[in-house]
Amino acid sequence: MRAGPPRVALVTGAASGIGLAIATQLAKDGLITVMLDRSPAISDIAAGIGERAHAIVCDVADAAQIHAAVDEVDSRHGRCDVLVNNAGIHPKRDGGKFLIEQIPMAQWQEVMAINLTSSFVFCQRVMPLMRRNHWGRIINISSRGGRTASPVASAHYAATKAGLIGFTRIAALEGAADGITANCVAPGPIESAMTAGSSPEVRAAFARSVPLGRYGDPEEIASAVSFLAGNGSSFITGAIFDINGGTYMP
Ligand SMILES: NC(=O)c1ccc[n+]([C@@H]2O[C@H](COP(=O)([O-])OP(=O)(O)OC[C@H]3O[C@@H](n4cnc5c(N)ncnc54)[C@H](O)[C@@H]3O)[C@@H](O)[C@H]2O)c1
């Protein structure tokens, strides 16, 4: 067991799906887990996890709200050791994807702000806190749709998830000297509100394309994040963990 105060994790988009599973797992692992979401339900959800979980209502599309959230974590806990950039959206059109010609500019910008720019703003604010302790773990939730052409991914979603991979590699280089690692997890189809928005036809076709024959569970992403957040991942940085039931094998 590590001596000293418990580590502090910050998980965005923690009110449902993959983010909720990650926060639940990290709290079980003994970390103080700060759960961020734009949904006010996050307060009750964090209370349900127990005393190690704290909630902050924060819209990650708004840089000022990110700054306020990180300031709150710093003043309350004096540290932030693990940052999981998980919040993300994938707008659907009639249960399917938006074609490039159909994407309104405002929607393009919203997807960029939530899925990509927020990770930049969080890293900009949290990396100095990690540098103070010469230890940090940045885990960015990308997607199979950012790894390869996916028939169900829209262009804005794929662009942000591919962008996150490039961003993570630079964070890995820039954090390395201070013991900060940065890695991506790239899930394939996972049962959540996001995939529930797909039509039954899209879901059935996608499930058939998975060698393991099913959608994954959010907990199957959380277990990998738990590993990346701990000491056991100390020599892993700039890596991409493809967790997709075998749908993409680079
Ligand atoms: N479910 C999948 O199959 C799958 C596959 C690959 C990648 N992912 C990625 O995993 C992450 C989590 O997805 P999920 O499937 O759990 O989706 P979800 O819709 O169940 O959860 C997303 C959470 O993010 C929150 N959120 C959205 N916009 C926000 C904002 N502006 N500010 C704060 N919180 C916001 C939502 O309120 C929600 O709680 C996303 O980045 C997604 O792209 C999911």
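Our subject is the structure that appears above.
Position labels on residues start from 1 in each chain and follow its written sequence. Restriction of local features to residues with pLDDT of at least 70 applies here, the model being predicted, together with a cutoff of 80 or more for giving and counting side-chain atom pairs; totals for whole chains, interfaces and linings are based on all residues.

Student: Please explain the overall build of the chain as it appears in this structure.
Tutor: Counting its secondary structure elements, the chain contains eight helices and seven strands. Only C-alpha atoms enter the radius of gyration, while the globule expectation follows 2.2 Å times N to the 0.38, with N the number of residues. Compactness check: the chain gives a C-alpha radius of gyration of 17 Å against a globular reference of 18 Å for 250 residues, within 12% of the reference. Principal-axis analysis of the C-alpha atoms gives the chain an extent of 50 × 35 × 35 Å. Three exposure classes are used. Buried residues have 20 or more other C-beta atoms within 10 Å of their own C-beta, exposed residues have 12 or fewer, and partly exposed residues fall in between, all C-beta atoms being placed from the backbone. Evaluated residue by residue, the chain yields a buried proportion of 45% over its 250 residues. Numbering goes from the N terminus for both helices and strands, where a helix is a DSSP run of H or I of at least four residues and a strand is a run of E of at least two.

Student: Looking at this model, I keep getting lost on the pairing of strand β5 (residues 136-141). Mind explaining?
Tutor: The buried count for β5 comes to six of six residues, which makes it a mostly enclosed element. Where burial is concerned, the two faces of β5 agree: the one with Gly136, Ile138 and Asn140 and the one with Arg137, Ile139 and Ile141 are both buried. Should DSSP find at least two bridges between two strands, the strands are taken to pair. Sheet analysis places strand β4 (residues 82-85) next to β5, joined by four bridges and oriented parallel. Within β5, the residue paired with asparagine 85 across the bridge is asparagine 140. Once the chain exits β4 it traverses helix α4 (residues 105-133) before rejoining the sheet at β5, and the crossover so formed is right-handed. Considered for its hand, the β-α-β crossover made up of β5, helix α5 (residues 155-175) and strand β6 (residues 180-187) is right-handed. We call a crossover right-handed when, viewed with both strands directed away from the observer, the connection leading from the first strand over the helix to the second proceeds clockwise.

Student: I'm lost on the sheet that holds strand β2 (residues 32-37) in this one. Help?
Tutor: In any sheet, the strands associate via hydrogen bonds between backbone groups, in a parallel or an antiparallel arrangement. Overall, parallel pairing links the seven strands, which are arranged β3-β2-β1-β4-β5-β6-β7 in an open sheet. For this open sheet the edge positions go to β3 (53-57) and β7 (240-243), each flanked by a neighbour on one side alone. Between one strand and the next, the sheet's axes are offset by a mean angle of 15°, whatever the strand orientation. One ladder, built from five bridges, connects strand β1 (residues 8-12) with β2; its direction is parallel. In this analysis, axes come from line fits to C-alpha atoms, helices being fitted only over the stretch in contact, and the angle between any two N-to-C directions falls in the range 0 to 180 degrees.

Student: Honestly, the site of the ligand in this entry has me stumped. Any pointers?
Tutor: Whether a residue is near a molecule or strand depends on its C-beta atom, generated from backbone atoms, being within 6 Å of that molecule or strand. Residues in contact with the ligand amount to 28 residues; listed here are only the nearest, Gly13, Gly17, Gly88, Ser192 and Met194. Here the residues of the shell around the ligand are counted per class, giving 14 nonpolar, 11 polar and three charged. The nonpolar class holds Ala, Val, Leu, Ile, Met, Phe, Trp, Tyr, Cys and Pro. Asp, Glu, Lys and Arg form the charged class, and all remaining residues, Gly among them, are polar.

Student: I would appreciate a short explanation of the packing of helix α1 (residues 17-28) against helix α8 (residues 218-228) in the present structure.
Tutor: Axis angle and axis distance: for two packed helices, these are the angle between their axes and the distance between the axes, and together they describe the pair. Orientation of α1 relative to α8, taken along the N-to-C sense of each, is 45°, at an axis distance of 8 Å. Viewed along their axes, α1 and α8 adopt a mutual orientation that is oblique. For the crossing formed where α1 meets α8, the hand is right-handed. The residues of α8 that touch α1, namely those facing Gly17, Ile18, Leu20, Ala21, Ile22, Thr24, Gln25 and Leu26, are Pro218, Glu219, Ile221, Ala222, Ser223, Val225 and Ser226. When its residues are assigned to classes, the contact of α1 with α8 shows nine nonpolar, five polar and one charged. An angle below 35 degrees is read as roughly parallel, one above 145 as roughly antiparallel, one from 65 to 115 as roughly perpendicular, and any other as oblique. Left-handed describes a crossing whose near helix is turned anticlockwise from the far helix through less than a right angle; right-handed describes the clockwise counterpart. Note that contacts rest on C-beta atoms placed from the backbone: two residues are in contact if these are within 7 Å.

Student: What is the right way to look at the pairing of β6 in this model?
Tutor: Looking along a regular strand, one sees the side chains alternate between the two faces of the sheet. Of all eight residues in β6, eight are buried; the element is thus mostly enclosed. The two faces of β6 match: Ile180, Ala182, Cys184 and Ala186 on one face and Thr181, Asn183, Val185 and Pro187 on the other face are all buried. Examined bridge by bridge, β5 and β6 share six bridges and lie parallel to one another. Of the residues in β6, the one forming a bridge with glycine 136 is isoleucine 180.

Student: Before we go on, may I ask you to explain unusual backbone geometry in this structure?
Tutor: As a rule of thumb, non-glycine residues mostly have phi less than zero, and peptide bonds are mostly trans rather than cis. For aspartate 94, which is not glycine, the phi torsion reads 50° and is therefore positive. For aspartate 94, the position within the fold is in the loop between β4 and α4. Phi at histidine 134 takes a positive value of approximately 50°, unusual for a residue other than glycine. Tracing the sequence through the fold places histidine 134 in the loop between α4 and β5.

Student: Would you mind going over α1 with me for this structure?
Tutor: Since there are 3.6 residues in each turn of an α-helix, residues three or four apart along the chain are aligned in direction. Here, expected helix span is obtained from the residue count minus one, scaled by 1.5 Å. The end-to-end C-alpha separation of α1 is 17 Å, in line with the 16 Å expected for 12 residues at 1.5 Å each. Of all 12 residues that make up α1, 11 are buried, and the element is covered over most of its length. Inspection of α1 places Gly17, Ile18, Gly19, Leu20, Ala21, Ile22, Ala23, Thr24, Gln25, Leu26 and Ala27 among the buried residues, and these make up the whole buried set. Looking at the residues trailing α1, positive phi occurs at glycine 30, about 105°.

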